[in-house]
Amino acid sequence: MSNHDFWVAKIRRNKERDKEEQKKLASMGWHCITVWECELKPAKREETLDSIAFTLNHIWLQDHGAKAIIYPNEETDPPIPMAAEDSAFP
């Protein structure tokens, strides 16, 4: 087996192992995010960090349930004073 074949097989086995471990962790209620070292190099770092933040927010909303914002019905609910209105600060 050539050096190339060795590395291809090794990486394939590592990915398969990682998937199995992630499945086990998911069954215990954990979330896994894989970040490759190359994704943290300066040219890609900001994009990677933004992606991680987006993913973490998405996971949190899924786990905790996004609550809908309910706005008052002007006909039936009392108005909510806004900070910019004089009536908000007597």
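Whatever comes next refers back to the structure up there.
Cut-offs used in this document
Residues numbered from 1 in each chain as written. Predicted model: local features only at pLDDT ≥ 70, side-chain atom pairs only at ≥ 80, totals over all residues. Heavy atoms only, no water. Helix = DSSP H or I, 4+ residues; strand = E, 2+ residues; numbered from the N terminus. Expected span 1.5 Å × (residues − 1). Phe/Tyr/Trp six-rings, centres within 6.5 Å; stacked < 30°, edge-to-face > 60°. Buried < 20%, exposed > 50% of the residue type's maximum accessible area, 1.4 Å probe, protein only. Salt bridge = Lys/Arg side-chain N within 4 Å of Asp/Glu carboxyl O.

**Brief notes about helix H1 (residues 3–27)**
Helix length check: H1, at 25 residues, gives a terminal C-alpha distance of 36 Å against a target of 36 Å (1.5 Å per residue), a fit within 8%. Once H1 finishes, Gly29 follows within two positions and takes phi at roughly 95 degrees, a positive value.

**Notes on the packing of aromatic side chains**
For any pair of aromatic rings, the description rests on two quantities: the centre-to-centre distance and the angle between the ring planes. Counted under the stated rule, the structure contains one aromatic pair. Their ring planes at 80 degrees and their centres at 5.1 Å tell us that Phe6 and Trp7 sit as a pair that is edge-to-face. Judged by relative accessible area, Phe6 falls into the partly exposed class, the value being 35%.

**Points about helix H2 (residues 42–64)**
The end-to-end C-alpha separation of H2 is 33 Å, in line with the 33 Å expected for 23 residues at 1.5 Å each. Immediately beyond the C-terminal end of H2, within one or two residues, lies Gly65, with a positive phi of roughly 70 degrees.

**A look at the pattern of salt bridges**
Tallied over the full model, the rule gives four salt bridges. Taking the shortest distance from any N to any O, the salt bridge between Lys23 and Glu20 comes out at 3.8 Å. Separated by three residues within a single helix, Lys23 and Glu20 lie in helix H1, roughly one turn from each other. Lys23 gets classed as exposed once you look at its relative accessible area, which sits at 55%. Note that Lys24 is salt-bridged to Glu21, the shortest N-O span being 3.5 Å. Here Glu21 and Lys24 lie together in helix H1, a separation of three residues that amounts to about one turn.

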